[in-house]
Structures are given as C-alpha cells and as structure tokens.
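Results of the structural survey
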Amino acid sequence: MNVYLDNNATTAVAPEVIEAMLPFFKELWGNPSSMHAFGGRVRRYIDEARQHVADLIGADRSEIIFTSCGTESDNMAIRGTMEAATERLNFITTRVEHPAVLEPARWLKARSHNVIELDVDSEGRLDLAQLQRALSLGPALVSVMWANNETGVMFPIREIAELVKAAGGIMHTDAVQAVGKLPIDLRGIKIDLLSLSGHKLHAPKGIGVIYVRKGARIAPFLLGGHQEGGKRGGTENVPYIVGLGKACELAQRNIAEEMIRVAVLRDRLQKGILEKCSDVRVNGDQIHRLPNTLNISFLYIEGESILYHLSDAGIAASSGSACTSGSLEPSHVIRAMGVPFIAAHGSIRFSLSRYNNEAEIDYVLEKLPPIIRKLRDMSPFGRT
Ligand code: PLP
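The residue count restarts for each chain, going from 1 along the sequence in the order it is written. Local features in this predicted model are restricted to residues of pLDDT 70 or higher, and side-chain atom pairs are both shown and tallied only at a pLDDT of 80 or more, whereas totals for entire chains, interfaces and linings draw on every residue. Heavy atoms throughout the structure, all of them, feed into the side-chain values; hydrogens and water do not.

**Quick look at the site of the ligand**
Every one of the 13 residues lining the ligand counts as a neighbour, but Thr-71, Asp-174, Gln-177, Ser-197 and Lys-200 are closest to it. The contact in question runs from an oxygen atom of the ligand to an N or O atom on the side chain of His-199, over 2.9 Å. Computed with the Shrake-Rupley method and a 1.4 Å probe, the accessible areas treat only the protein chains shown as cover for residues. Alone, the ligand offers 390 Å² of accessible surface; in the complex the protein occludes 88% of this. Secondary structure elements are taken from DSSP: a helix is a run of H or I of four residues or more, a strand is a run of E of two residues or more, and numbering for both begins at the N terminus. Per-element accounting of the shell around the ligand gives the leading share, 3 residues, to helix H4 (residues 70-84). Any residue with a heavy atom positioned within 4 Å of a molecule or strand is treated as near that molecule or strand. Polar contact criterion, stated in full: a pair of N or O atoms within 3.5 Å, where within protein one must be able to donate a hydrogen and the other to accept it, and residues adjacent in sequence count only if both atoms are side-chain atoms.

Have a look at this one:
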C-alpha cells in the first residue's frame, strides 16, 4: 500500500484540474494579450479562474494577481510594499515563518530596516502583547502566517489584523497552508495582502496568487509587461491559472465537510500513535491547528530514520528537521518553540488531504509502532 501523508509539502493534482487544463495545451494556446481571436478566446478563462480564486477567499476579482508561486507572492508582498511606502516602515514578522518570508526579512535587515521577529511559546503561539509593543515603535508592515506549515498551528489572524490596522500598519499574511483547508472570508478581516500557492490545494506547482486589497500600495516585483494590471509582468501561464481556478472551485464546494472528515482521520492517527507508541509528544497547539496536520515527536530517535523506514513501507511523511551541512539540525520552527533536544530530533509531520482514507491511516498505525520499537532499541541517545 502507498500512503501519501506529506500534503503540506505538495498535493496531488486533482483529476478535474488536469482535465480543465488540457485544452489550454492543445487548442487554446493563444496569448491572452493578442488582439486576434486566438488570444481573445483565452482571456475570458483567466477572468473565470480569477473569479474562482476570489470566491474561495471572499475577495473581489480585481484584487487577485497571479504569480508563479507562494514564494514569489511573499516576496512581492514584502519587498513591493516596502518600495511603494511613502515612509520608512519597520518590518514585523515571527520566528516561525516560511523562508519565503524570513529571507526577505534578512534582505530588509541588510538594508538597515528595523526588523522585529516575534517569539512563539512552547505550543507555537504568539504573544500579542509583544506584537503590540512592536507596533508602538512606528509605522510597520506586519507579515504573520495564517497557519504554520510544520505544526499546523493557526495564528489568530483576525485579532492580529485588528491590532495592526488600529496601529496604522499594513497587514500581510502567508496563507499558503490555510487556503483550501479552512474557510476564509476576507470581507470580514482587515488584511491588506495575502499569499497563496496552487500546489498546496491540488493545483500544479508553479502557480500562486497575491491578493492585494483595493487601495493597498504595492510596487511590482517583476518589471515587464502590462499583465495583471501592470502589477506582475510576464505572459500569463494560462493552463496553470485555469487549473488553479478549478482547484479553488473544488476546494470551495465542500470545504466545511472536508475539514471535518480530514480532522477525524488526523485525530484517528494521533490517538492511535499515542496509544501504540510510548514516549511521544504532540508538537504545537492542538486546539488552534489545521485539520490536516499532526506534528509529533518520537523521543530518543532521529526523525530521518523513521522517515526512511516509513518510506520503505510505502508511507510518505516529513521530518521537522533539515539536514544542514551534514548535521541533523531541528527546524527553526521546532527550535523557536523550545522543544527539548531529545524530542526535537525525532519530530515527524503527517499532513493529510481529501484523498486520504481510514484504511490508509490504519495501515500507518500497523506499520509505524514496530518501526519505532526497532529504532528505540538501536537509539544512539542511550535510552535505558
Ligand atoms: N509559505 C508557506 C507557509 C509554505 O508552506 C510554502 C511552501 O511550502 C511557501 C510559502 C512557498 O510556496 P511555493 O512552494 O509555492 O513557493
């Protein structure tokens, strides 16, 4: 049996999405900017896709700009806002963001911007009083992710956006892991900029979106053509835009039911692991957590060894550790939460999708415990 539980890394492209894209490789390959019929025929499909994206997040179609990925959207939000600002802004973010935000933060720091990285507690939660103190230092662009890719911990985005706007700041959220997994309605939330990425919601890799609220000032990141209202030059990737539109339409169709179904499966997995394996610890706030994500540490063993054995059994998951220059370092998220060394190294992320089922979870619960027992017996950490 093959069980794919690494959906926060990437998702399978939905069959309906592939179907929707195919005509745009075969017959409808015109350039949407062309004056002739080849182009004109294609243009309206971009508009339709834009509408589907807008509907999924409660935005207006004019506020949706297609990009190449979540990373581009994050970079554009941060660097584009800083460039367009009429005054020098502080940049406030968190220690647990994706590198697509943390690297632009470093870039800003190198250019003498005041960059403040907010801490999280042992459950991965933000201290809103610390945010308020940071906001009191002057005008700021704030970038706080909606949900964490490693732990699934969800930040209180509505509350954060209220605080940011009350202080006169600009609010960006990296919602790459949230869109398609949670109902989102930007009509009731004071967010100026939001990033999303197609391949996290069953569209292909290489297509993303930045939502720019009407009136928000943002300089283009790519200089070039007039596409996307002059905000993002480059001939449109029509097949992928159409694919993303279809993926958004599918996600919206039954998001509330799917959320519950996936959470039930995730909880079955968590409960089974806690019952069948000793010395485990769930990482991150279990109440404010994405319905599809479980980050769990198996004490005294290396995450990479677990992944290797799981992979042998046909199971794909992911480790919270990154292999840096030959040493196995826990990820910046796990470190920011202060997870003890002995647990940090054995952290595994299981992330589900609407394509998983109960039989797959039970298969993991059959294969995983003997792997853990075997690795514990060989543990280099000397557990007795
Ligand atoms: N932000 C978050 C939270 C992510 O999880 C990812 C991808 O893993 C990205 C941004 C980057 O998205 P993309 O792979 O489309 O560049």
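**Re the sheet that holds strand E15 (residues 347-351)**
Pairing between strands is defined by DSSP: at least two bridges between the two strands are required. Taken in spatial order, the 4 strands line up as E9-E10-E15-E12 in an open sheet, and their pairing is antiparallel. Strand pairing shows two members of the sheet lacking a second neighbour, strand E9 (280-282) and strand E12 (318-319), which therefore form its edges. Here E9 runs beside strand E10 (residues 293-298); their pairing, made up of 3 bridges, is antiparallel. If you follow Arg-281 over to E10, its bridge partner there is Ser-297. In what follows, a contact means two residues having at least one pair of non-hydrogen atoms within 4.5 Å. Note on definitions: angles span 0 to 180 degrees between N-to-C directions of axes, and those axes are lines fitted to C-alpha atoms, for helices only across the stretch in contact. Helix H10 (residues 303-312) rests against E10, E12 and E15 of the sheet, and its axis sits at about 45° to E15.

**Here we look at the sheet that holds strand E8 (residues 208-212)**
Taken in spatial order, the 7 strands line up as E2-E8-E7-E6-E5-E3-E4 in an open sheet, and their pairing is mixed. Every interior strand has two partners, whereas the edge strands, strand E2 (64-67) and strand E4 (115-118), have only one. Mean inter-strand twist for the sheet, computed between neighbouring axes without regard to direction, equals 20°. Sheet strands touched by helix H3 (residues 37-57): E2, strand E7 (193-197) and E8. Its angle to E2, the strand with the most contacts, is close to 110°.

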